[in-house]
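Chains, contacts and geometry: an overview
Take a look at the letters that make up each chain.
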Amino acid sequence: MSRYYLTTPIYYVTARPHLGHAYTTIVGDALARWHRLIGDEVHFLTGTDEHGQKVQDYADAAGKAPQEFVDEIAPLYADAWARLGITNDDFIRTTEERHKAGVRELLQRCYDAGDIELDVYKGKYCVACEEYYTDDELDDGDLCRIHKRKVEYYEEENYFFRLSRFQQRLLDWYDAHPGAIVPEFRGNEALGLIRGGLRDFSVSRTSLKWGIPLPWDTKHVAYVWFDALANYITAIGYGTDRANFDGWWPGRHLIGKDIIRHHCVYWPAMLMSAGLEPPAGWAVGGWLLVGGEKMSKTSGNVVNPLELIDTVGVDGFRYYVLAETPYGQDGDFTYEGLVGRYNSDLANNLGNLLARVATVVGKKCGGVGPAPTADSPLAEAAATAVQQTIAAWSEVQPSRALDATWSLIRATNAHLEAHEPWKAEPGPGVDAVMGDALEALRIVAVLASPAVPTAAQAVWERIGMPGAVTDQRVPDAVSWGGYPGGSPVVKGESLFPRITA
Ligand code: MSP
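In this text the structure is predicted, and so the values were computed from the model without any measurement.

**Description of the overall build of the protein chain**
Within the protein chain one finds 16 helices and 16 strands. Taken over the C-alpha trace, the protein chain has a radius of gyration of 25 Å; the compact-globule value for 501 residues is 23 Å, and the two agree within 12%. For the protein chain, the C-alpha atoms occupy an extent of roughly 85 × 45 × 40 Å along the three principal directions. A buried classification covers 58% of the 501 residues belonging to the protein chain.

**Details of the sheet that holds strand β9 (residues 204-205)**
Across the sheet, which stays open at both edges, the three strands sit in the order β9-β11-β10 with antiparallel pairing between neighbours. The open sheet has two edge strands, β9 and β10 (213-214), and neither has a second partner. Inspection of the sheet shows β9 paired to strand β11 (residues 217-222) by two bridges, in the antiparallel sense. Of the residues in β11, the one forming a bridge with Arg 205 is Val 221.

**As for the pattern of salt bridges**
Counted under the stated rule, the structure contains 33 salt bridges. Arg 165 serves as the salt-bridge partner of Asp 115, at 3.2 Å between the closest nitrogen and oxygen. You can see Asp 115 sitting in the loop between α4 (97-112) and β4 (116-126) and its partner Arg 165 sitting in the loop between β6 (152-161) and α5 (167-176), a full 50 residues away along the chain. Accessibility expressed as a relative area gives 9% for Asp 115, which makes it buried. Asp 403 serves as the salt-bridge partner of Arg 410, at 3.3 Å between the closest nitrogen and oxygen.

**Let's talk about the sheet that holds strand β16 (residues 331-332)**
If you walk across this open sheet you meet the three strands as β15-β14-β16, and the pairing is mixed. A single partner strand is all that each edge strand has here, and the edge strands are β15 (293-294) and β16. Sheet topology places strand β14 (residues 288-290) next to β15; two bridges connect them, and they run antiparallel. Along β15, the bridge assignment pairs Val 290 with Glu 293.

**Examining the layout of surface pockets**
What the largest pocket holds in volume is close to 1,200 Å³. Lining the largest pocket are 50 residues, with Ile 146, His 147, Asp 258, Ile 259 and Lys 294 positioned closest to its centre. Among the residues making up the lining of the largest pocket, the classes are represented as 24 nonpolar, 13 polar and 13 charged. Here the second largest pocket defines a volume of roughly 290 Å³. Surrounding the second largest pocket, 22 residues form its lining, Tyr 132, Thr 134, Arg 199, Asp 200 and Tyr 266 being those nearest its centre. Those elements that provide at least two residues to the lining of the second largest pocket are β4, β5 (131-133), α6 (184-195), β8 (201-202) and α10 (260-273). Split into classes, the residues belonging to the lining of the second largest pocket amount to ten nonpolar, six polar and six charged.

**Some thoughts on the side chain of Lys 364**
Structurally, Lys 364 is set in helix α12 (residues 335-364). Buried and unpaired, Lys 364 has Glu 425 as its nearest opposite-charge partner, separated by 5.8 Å. Separated by 2.8 Å, the side chain of Lys 364 and the backbone oxygen of Ala 424 make a polar contact. Once residues lying within four places of it in the same chain are set aside, the contact partners of Lys 364 are Pro 421, Trp 422, Lys 423, Ala 424, Pro 426 and Val 430.

**Points about the pairing of strand β1 (residues 3-12)**
In terms of burial, β1 is a largely internal element, nine of the ten residues being buried. In this region the chain leaves β1, passes through helix α1 (residues 19-37) and returns to the parallel neighbour strand β2 (residues 41-49); the handedness of that crossover is right-handed. Sheet analysis places β1 next to strand β12 (residues 252-256), joined by two bridges and oriented parallel. Among the inter-strand pairings, Leu 6 is bridged to a residue of β12, identified as Arg 252.

About the criteria used
- Residues numbered from 1 in each chain as written.
- Predicted model: local features only at pLDDT ≥ 70, side-chain atom pairs only at ≥ 80, totals over all residues.
- Heavy atoms only, no water.
- Helix = DSSP H or I, 4+ residues; strand = E, 2+ residues; numbered from the N terminus.
- Rg over C-alpha atoms; globule rule 2.2 N^0.38 Å.
- Buried < 20%, exposed > 50% of the residue type's maximum accessible area, 1.4 Å probe, protein only.
- Pairing = 2+ DSSP bridges.
- Salt bridge = Lys/Arg side-chain N within 4 Å of Asp/Glu carboxyl O.
- 1 Å grid on protein atoms, 1.4 Å probe; cavity = no way out; pocket = protein on both sides within 12 Å on 5 of 7 lines; lining within 4 Å.
- Points joined across faces, edges and corners; volume = space filled by probe spheres on them.
- Nonpolar A, V, L, I, M, F, W, Y, C, P; charged D, E, K, R; others polar.
- Lys, Arg positive; Asp, Glu negative; His and termini not counted.
- Polar contact = N/O pair within 3.5 Å; in protein donor to acceptor, adjacent residues only side chain to side chain.
- Contact = heavy atoms within 4.5 Å.
- Right-handed = clockwise from strand over helix to strand, strands pointing away.

In structure tokens, the structure reads:
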């Protein structure tokens, strides 16, 4: 059994969870579920990023102490993920003691290696990004390109991480690990940043108190990105439980395209400095845009994912975010798109297939599912769907994986329409068609379970399969012929009632 350690970014606790956060977390969850399905031992981590200037500013504006403020917001993330069926194995908060201990250890290692040195920082800082910028990275000299807001001028004594020393080591590492970043074009962006030259970055602040003090100079608190990136190792025991850490690291990161520099440039260099292995991989997603803009509290176009599940259900929402946008590209969220996908793929395709199969089995097969045939024309469609679904998940392309899985649903609906078992007399002919359709539904339930876990389990039970669909293992469970036949098939309520907008 191989171990698969997967992380999402940890989210700033400055606002309640929005669609953009939900997007990254759902992709992570589906991927984690997929890896459990193929038999990996999975550790799936998410959490919250709670220190830094931005959080301090929000706490001030709310008239609260920062700890009180973050203690109110962090649970909103944990609750939202529970409602969206997220199966994270751990939830790290950067204000936890286990995290602080690991951050101190990482800082000390980099300091002892001579890669952290005192210097004076003079320059511009975007608090929303928690990032330093040079003039040519800003619009009109002082506007952040992501947040369209004015940067601040800082001048203070800071410790710097000597990133500039790592250019060649990073290039060599990426050279030796082709495909570590997917999709490839996002990997090229990271390489472009490294080739373009690396400047040292500040890893401490003295004007800010809301952070983790440097172990060797407690007037300074750690820069929020240094603190935050470390969550990926502190959560599995770096600084507190070395054996557990060694058992899981290196892990794989799901990130958004806006945080490539931190994750694919700063982070592996920090790890190298501390004598640790760089991550095993990165999958970089685009932004889910609303009206062409990145959703963020700063731009005021925030969509609450928990309101959307009232309309299309948890599975409907998960399916939409996974199926609609090729991972890596930007996507445009629209309510019409959400309802359109739900109606076409879930109500009309999957839901309708299950309903018609259950109806015909009820009327023509005495309500008992017949066994599939070995030489069914659907067997080939199933084999192709399985193979393409596996390939797409392994490349972190959920939209392609679901399209491949849905190709079997489409083929099965077409098979039924070609044979019209509802018009035929009961007998071996009808039994063969219905047994094959049930077998296709069984395979679909397994393959679709990472995306639509509740619906997949419902399909599984209604066609008479025992136990939990999540206990099945790919590829054995998805080879043709596994439906035993002889079990009662239940029609039940409509799985995905059509939504009239
Ligand atoms: N706290 C940092 C990450 C630290 S990880 C060590 C941060 N937090 S964030 O809450 O602003 O965003 C976290 C991630 O969510 C980013 O990768 C970002 O791309 C993703 N998303 C935030 N808004 C998004 C969209 N509108 N669309 C897609 N992803 C978005 O950055």
